[in-house]
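# Architecture at a glance
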Amino acid sequence: DVKVTQSSRYLVKRTGEKVFLECVQDMDHENMFWYRQDPGLGLRLIYFSYDVKMKEKGDIPEGYSVSREKKERFSLILESASTNQTSMYLCAAVDQGRGRNQPQHFGDGTRLSIL
Amino acid sequence: ELKVEQNPLFLSMQEGKNYTIYCNYSTTSDRLYWYRQDPGKSLESLFVLLSNGAVKQEGRLMASLDTKARLSTLHITAAVHDLSATYFCAGGGPTGGSQGNLIFGKGTKLSVKP
């Protein structure tokens, strides 16, 4: 089974801090995604990556950046955290090598609070 | 641009009853997914629907896809408490031809009461 691991379940940071959220997958999947989940808004795509050092903006990339130096690890960076970035963050991976229709596999999520 | 709308957003039902969750999408999407999320947990893939008329069933849940109507349904038969969760549908995104991007609906929070 695919395992997608997010480094923290809960995180509390202060406004203006630089915040790193880490995600690791164990199945050599090419494609990885970062979403944020807010009540009443569902999941919104922040960034995705389809290969090492490759990244594409999703629907709400403002205030975020990403890093993918190794295939198994995809990091989300909040350059200068703000209170409106308080949210649940979900990482996902999908194996496109088995066909483009495979479902995404999600990590457990990181609940981030910015004070 | 693909938009995905689910309804209802909240659903309270009694055990033993049947109900349907609807998922409408705005433009052509060649794949439709259903996920389940339990409180405090991650999303779990339930169904992948790839063609018009596709129907998949797992236990008390059955999903179908009508690409002409741009509609997918998730039907719940004889609900039990264990089905209480939030259900999301998601369609293939516009830029994701080969990248597996998905556009998610806002989710339907299902509560099954005795």
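What counts, and where the lines are drawn
Residues numbered from 1 in each chain as written. Chains lettered and ligands numbered in written order. Predicted model: local features only at pLDDT ≥ 70, side-chain atom pairs only at ≥ 80, totals over all residues. Heavy atoms only, no water. Disulfide = S-S within 2.5 Å. Helix = DSSP H or I, 4+ residues; strand = E, 2+ residues; numbered from the N terminus. Salt bridge = Lys/Arg side-chain N within 4 Å of Asp/Glu carboxyl O. Buried < 20%, exposed > 50% of the residue type's maximum accessible area, 1.4 Å probe, protein only. Pairing = 2+ DSSP bridges. Axes fitted to C-alpha atoms, helices over the stretch in contact; angles between N-to-C directions. 1 Å grid on protein atoms, 1.4 Å probe; cavity = no way out; pocket = protein on both sides within 12 Å on 5 of 7 lines; lining within 4 Å. Points joined across faces, edges and corners; volume = space filled by probe spheres on them. Nonpolar A, V, L, I, M, F, W, Y, C, P; charged D, E, K, R; others polar. Core = buried A, V, L, I, M, F, W, Y, C linked by side-chain atoms within 4.5 Å. Contact = heavy atoms within 4.5 Å.

The next subject is the state of the cysteines. Residues and elements named next belong to chain A. By the definition in use, this model includes 2 disulfides over all chains. Put simply, C23 and C91 are joined by a disulfide, and their sulfur atoms are 1.9 Å apart. Residues C23 and C91 are joined through a disulfide that is left-handed, its torsion about the S-S bond being -75°. Of this pair, C23 sits in strand 3 (residues 19-25) while C91 sits in strand 9 (residues 87-94), and the two are 68 residues apart along the sequence.

With that settled, the discussion passes to the pattern of salt bridges. All names here are of chain A. Using the criterion set out here, one finds 6 salt bridges over all chains in the structure. Between E22 and R73 there is a salt bridge, and its shortest N-O distance comes to 3.9 Å. Taken together, the positions of E22 in strand 3 and R73 in strand 8 (residues 73-78) put the pair 51 residues apart, joining distant regions of the chain. Relative accessible area serves as the criterion here: at 22%, E22 is assigned to the partly exposed category. We classify R73 as partly exposed; its relative accessible area is 39%. Its salt-bridge partner being R44, residue D38 comes within 2.9 Å of it at the nearest N-O pair. Accessibility expressed as a relative area gives 11% for D38, which makes it buried. Via salt bridges that share partners, R36, D38 and R44 belong to a single interconnected network.

All names here are of chain B. Pairing in this open sheet of 5 strands is antiparallel, and the strands run 1-3-8-7-6 from one edge to the other. Both outer strands of the open sheet, strand 1 (4-7) and strand 6 (55-58), are each paired with one neighbouring strand and no more. Pairwise comparison of adjacent strand axes, ignoring direction, gives a mean angle of 15° for this sheet. Pairing of strand 3 (residues 19-25) with strand 8 (residues 71-76), which is carried by 6 bridges, proceeds in the antiparallel orientation.

Now for the pairing of strand 11 (residues 108-113) of chain B. Residue and element names in this part refer to chain B. The alternating pattern of strand 11 places T108, L110 and V112 on a buried face, while none of K109, S111 and K113, on the opposite face, is buried. Where strand 2 (residues 10-14) and strand 11 come together, 5 bridges link them in parallel fashion. In the sheet register, L11 faces strand 11, and the bridge partner there is L110.

Quick look at the layout of surface pockets now. Looking at the largest pocket, its volume works out to about 550 Å³. Lining the largest pocket are 23 residues, and of these A:Q37, A:P39, B:Q37, B:T86 and B:F88 sit closest to its centre. Counting residues per element, the ones that place at least two in the lining of the largest pocket are strand 4 (31-38) and strand 9 of chain A together with strand 9 (85-92) and strand 11 of chain B. Considered class by class, the residues forming the lining of the largest pocket number 8 nonpolar, 9 polar and 6 charged.

Among the nonpolar cores identified, the biggest contains 25 residues, and B:L32, B:W34, B:L74, B:I76, B:Y87 and B:L110 are the most heavily contacted of them. Every element with two or more residues in this core is listed here: strand 2, strand 3, strand 4 (32-37), strand 5 (43-49), strand 7 (61-66), strand 8, strand 9 and strand 11 of chain B. Residue contacts for B:Y87: discarding those within four places in its chain leaves B:Q6, B:I21, B:Y35, B:R36, B:L46, B:L61, B:L74, B:G107, B:T108 and B:L110. By size, the runner-up hydrophobic cluster in this structure holds 21 residues, among which are A:V4, A:Y47, A:Y64 and A:V66.

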